[in-house]
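Fold and contact review
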Amino acid sequence: MNLMPLYLSQIPFYVLLAGAAGRKYAHKNGCRPLLHSISPGFLGLGMLKVMLTAARENRFLECVRSYHRAYGQTFEATITGRALIFTVEPRNIQTVLADKFKDFELGDYRKKALLPLLGHGIFASDGETWQRSRALLLPSFVPNQITNVDLYERHVAKLIEHIPSDGSMVDLQDLFFQMTLDSATEFFFGESVSSITDAGSTSASSFTDNFKIAQDGLALRSRIGPLMPFYRDKRFFKAVVEARRYANMFVTKAINHRASLDRAEDNQKKPHKLAEKPYVFLYELLKQTSNETELTDQLLNMLLAGRDTTASLLSITFFILAREPDVWNRLRAEVQKLGRRKPSYEELHSMTYLTWVLNETLRLYPIVPFNVRMANKDTFLPVGGGPDGKYPVYVAKGQEVIYSVYTMHRLPEIFGSDADVYRPERWETLKPGWAYLPFNGGPRICIGQQFALTEASYATVRILQHFNAIESRDLMPFQERLTLTMASYNGTKVALTPVDAT
Ligand code: HEM
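The residue count restarts for each chain, going from 1 along the sequence in the order it is written. Totals for whole chains, interfaces and linings use all residues, but because this is a predicted model, local features are given only for residues with pLDDT of at least 70 and pairs of side-chain atoms are given and counted only at 80 or more. To obtain the side-chain values, all non-hydrogen atoms of the structure were included, while hydrogens and water were left out.

For the protein, an unreviewed UniProt entry supplies the name Cytochrome P450 and the organism Oidiodendron maius. UniProt annotates the protein under Cofactor (unreviewed entry) with the comment "heme". UniProt positions are given in the numbering used here, feature names are shortened, and annotations may be inferred rather than shown by experiment.

Once that is clear, we can look at the environment of glycine 225. Working definition: helices are DSSP H or I runs of at least four residues, strands are E runs of at least two. Numbering for both runs from the N terminus. Examined against the element boundaries, glycine 225 turns out to sit in the loop between α10 (202–224) and α11 (234–268). Separated by 112 residues in sequence, glycine 225 and alanine 113 have C-alpha atoms that sit 7.3 Å apart.

Attention shifts here to the site of the ligand. A cutoff of 4 Å decides nearness: a residue is near a molecule or strand if any of its heavy atoms lies inside that distance of it. In the neighbourhood of the ligand, 26 residues make up the surrounding shell, with Arg110, Trp130, Arg134, Arg373 and Cys446 lying closest. Identification of polar contacts relies on pairs of N or O atoms within 3.5 Å, with a donor-acceptor requirement for protein atoms, meaning one able to donate a hydrogen and the other able to accept it, and with residues adjacent in sequence counted only if both atoms are side-chain atoms. The side chain of asparagine 371 places a nitrogen or oxygen atom 2.8 Å from an oxygen atom of the ligand. At the level of elements, α6 (127–137), α13 (292–321), β6 (370–375) and α19 (449–466) are the ones that each hand at least two residues to the shell around the ligand. No other element matches the six residues that α13 contributes to the shell around the ligand. Residues are grouped as follows: Ala, Val, Leu, Ile, Met, Phe, Trp, Tyr, Cys and Pro are nonpolar; Asp, Glu, Lys and Arg are charged; all remaining types, including Gly, are polar. Partitioning the shell around the ligand into residue classes produces 16 nonpolar, six polar and four charged.

Structurally, the position occupied by serine 488 is in strand β12 (residues 486–488). Exposure classes here rest on a 1.4 Å probe applied to the protein chains alone. A residue is buried below 20% of its type maximum, exposed above 50%, and partly exposed in between. Note on serine 488: relative accessible area 0%, which makes it buried. Considering only alpha carbons, one finds serine 488 and arginine 56, 432 residues apart in sequence, at a separation of 14 Å. Setting aside anything within four residues of it in sequence, one finds serine 488 in contact with Gln173, Phe319, Phe478, Gln479 and Arg481. Any two residues whose heavy atoms approach within 4.5 Å at even a single point are treated as in contact.

Before going further, it helps to examine helix α5 (residues 108–118). Residues of α5 that are buried include every one of Tyr109, Arg110, Lys111, Ala113, Leu114, Leu117 and Leu118, and no others. Phi turns positive, to about 55°, at glycine 119, one or two residues after α5.

Before going further, it helps to examine the confidence of the model for the protein. Close inspection of predicted coordinates is inappropriate for parts of the model with low pLDDT. Within a predicted model, pLDDT stands for the predictor's per-residue confidence, ranging from 0 to 100. When pLDDT is averaged along the protein, the result is 90; 92% of the residues meet or exceed 70. When the criterion is pLDDT under 50, residues 1–17 qualifies, and its contacts beyond four places in sequence or with other chains add up to 66 contacts.

With that settled, consider the nonpolar core. Only buried Ala, Val, Leu, Ile, Met, Phe, Trp, Tyr and Cys residues count toward a nonpolar core, and they belong to the same one when joined by side-chain atoms within 4.5 Å. In terms of nonpolar packing, the biggest core is built from 134 residues, with Phe86, Leu117, Phe281 and Phe318 touching the most fellow members. Here this core gets 14 residues from one element, more than from any other, and that element is α13. Counting residues in each nonpolar core, the second largest holds 17 residues, with Val96, Ala375, Leu411 and Leu437 among its members.

Right, let's get into the sheet that holds strand β3 (residues 82–87). A pair of strands is labelled paired if DSSP reports no fewer than 2 bridges between them. In space, the six strands of this open sheet follow the order β1-β2-β3-β9-β6-β4, with mixed pairing throughout. Across the chains shown, the open sheet's two edge strands, defined by having one partner strand only, are β1 (37–38) and β4 (104–105). Bridge count between β1 and strand β2 (residues 74–79): two bridges; the pairing is parallel. Bridge pairing in β2 links isoleucine 38 to alanine 77. For every element, the axis is a line fit to its C-alpha atoms; helices are fit only across the contacting stretch, and the angle between N-to-C directions ranges from 0 to 180 degrees. Together, β1, β2 and β3 form the strand contacts of helix α2 (residues 45–56), whose direction differs from that of β2 by roughly 100°.

For serine 404, the location among the structural elements is in strand β9 (residues 400–404). Its relative accessible area of 0% is what places serine 404 among the buried residues. Side-chain polar atoms of serine 404 contact the side chain of threonine 407, separated by 2.9 Å. Beyond its immediate chain neighbours, meaning those up to four positions away, serine 404 contacts Val64, Thr87, Val88, Pro369 and Phe370.

Any pair of aromatic rings gets described here by the distance separating the centres and the angle formed by the planes. Pairing of aromatic rings covers Phe, Tyr and Trp, the last counted by its six-membered ring, and requires centre-to-centre distances within 6.5 Å; plane angles under 30 degrees mean stacked, over 60 mean edge-to-face, and any other angle means tilted. Taken as a whole and judged by the stated rule, the model has 28 aromatic pairs. With a centroid separation of 5.9 Å and 85° between ring planes, the pair formed by tyrosine 152 and phenylalanine 451 is classed as edge-to-face. In this pair, tyrosine 152 sits in helix α8 (residues 150–161) while phenylalanine 451 sits in helix α19, placing the two residues 299 residues apart along the sequence. Each member of the pair, tyrosine 152 together with phenylalanine 451, is buried. With a centroid separation of 6.3 Å and an interplanar angle of 40°, the aromatic rings of tyrosine 152 and tyrosine 458 are classed as tilted. Of this pair, tyrosine 152 sits in helix α8 while tyrosine 458 sits in helix α19, and the two are 306 residues apart along the sequence. Taken together, Tyr152, Phe187, Phe188, Phe281, Phe451 and Tyr458 form an aromatic cluster joined through their ring pairs. Counting as a charge over the ring demands two things of the Lys NZ or Arg CZ atom: a distance within 6 Å of the ring centre and an angle within 35 degrees of the ring normal. The ring of phenylalanine 123 carries arginine 110 above its face, with NZ or CZ at 4.8 Å from the centroid.

Interaxial distance between helix α9 (residues 172–189) and α19 falls to 12 Å at its minimum, and their mutual angle equals 130°. Taken together, α9 and α19 sit at an angle that is classed as oblique. Regarding α9 and α19, the two cross each other, and that crossing is right-handed. Where α9 abuts α19, its residues Phe176, Met179, Thr180, Ser183 and Phe187 lie against Phe451, Glu455, Ala459 and Ile463. Counted by class, the contact of α9 with α19 contains six nonpolar, two polar and one charged residues. Here the word oblique covers every angle except those under 35 degrees (roughly parallel), over 145 (roughly antiparallel) and from 65 to 115 (roughly perpendicular). The hand of a helix crossing depends on one turn: near helix anticlockwise from the far one by less than a right angle means left-handed, and clockwise means right-handed.

Turning to the UniProt feature "binding site: heme" (unreviewed entry) in the protein, a few remarks are in order. UniProt annotation of "binding site: heme" (unreviewed entry) refers to Cys446 when read in the numbering used here. Note on cysteine 446: relative accessible area 33%, which makes it partly exposed.

Below is the structure:
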């Protein structure tokens, strides 16, 4: 199934030719050729084969990193006939994501791949459509709602109930994925699918299955890129229809609810009650648009962007905590200052060591570890060209720039000679700026960063308040599982000892 690592095969089969106008533009802007421009095998198929094998063996990210080790922070590689620029140089990434934001876009293949489930929502659009989405969604991330930790308590409590108290093995990754689906559906739709307790309705549990099938299909479509028209998996298309139908049901309900409130307001001159409901993201969006398709698109985009990412951050953090007793003990010491009391938002964000732990997980295991942007006009990156790499690099219209956040986060030049070591204490002095991008940067920076960090911090603290020891029940080192995001291939198999048992 793993046809191609994330985004890489979104490559039309043609050879890029800069042309006279391109050469003139490059010359005018002082661009110099990259020191390394590689094309292993016929049309670069050799490199493709190496990457495909690495992806099948769950070591795609290290494979890309090894190319950077061999050819430097910025190099060009021709794969399937197309010249791609690979860069992990922070200044170049800043240029793509921020300084020359308007010169780059997601590219057609990503949009086409995601279209069936996500429509024209924020995660799958560019230009004015994206701007409209962002403007629609941002005001609904009202700070005091995101900081309302009560939203998480019920779901975390259910997760804790499902952790065996007799020291037997549990895969926390499964539980975290269920928990974040439950909290996200409650926050976005107004009703949780309650997957963790099996207490959800039949339609909720089939939504959970359909959403997973649909997401897997989107990841595969993203990988096969130009071969997408041949993708005919009936299960995927059925799951997409069902998942959209489920989300749409909430949209229709909310629209009808608002209409009835409007009528009541007209008749009885009572104040509008919409704002008085418990906070639901969908109801906030409804204040700005009542377009059903648009609302369904955006709900599903938010769910996709927000659910797996937070679950993976927690899963990988606990994967590490089970293997790093010193980190676990230091974190517990910080958490113990709270006793058994639920932490407030302010308390969570004042917990320095917890912040360092999450930062360090996101550094070594960024959940979106690899990304791509396509130039929509002739442009250039500030560095990487010439024999010393200090000159600008020409990027032709239509050319893709691939950036591995995973590799950048492990650069010894920035993070030191122990860059590969998990050491939260490094964050005491570290200020990496654009060299640290777990949430992206520039105008498309993650909208849900605070939401994610609050949920992950809250869940971590509550678990550490209930359990005083953790052991790994997995002999394997970390292996990546890459779909649209990164998770742990072997899950998070651990055993925990409850505080009351000691
Ligand atoms: C640890 C958790 C998370 C990580 C590491 C993360 C990371 C990212 C990254 C790297 C992007 C940029 C993707 C790209 O442009 O290709 C992104 C975008 C986005 N994220 Fe997150 N995210 C997380 C959680 C969340 C949550 C909880 C939500 C919603 C509640 C969310 C909503 C979004 C949205 C809507 C976008 C698209 C923004 C745009 O294109 O303008 N994310 N996120």
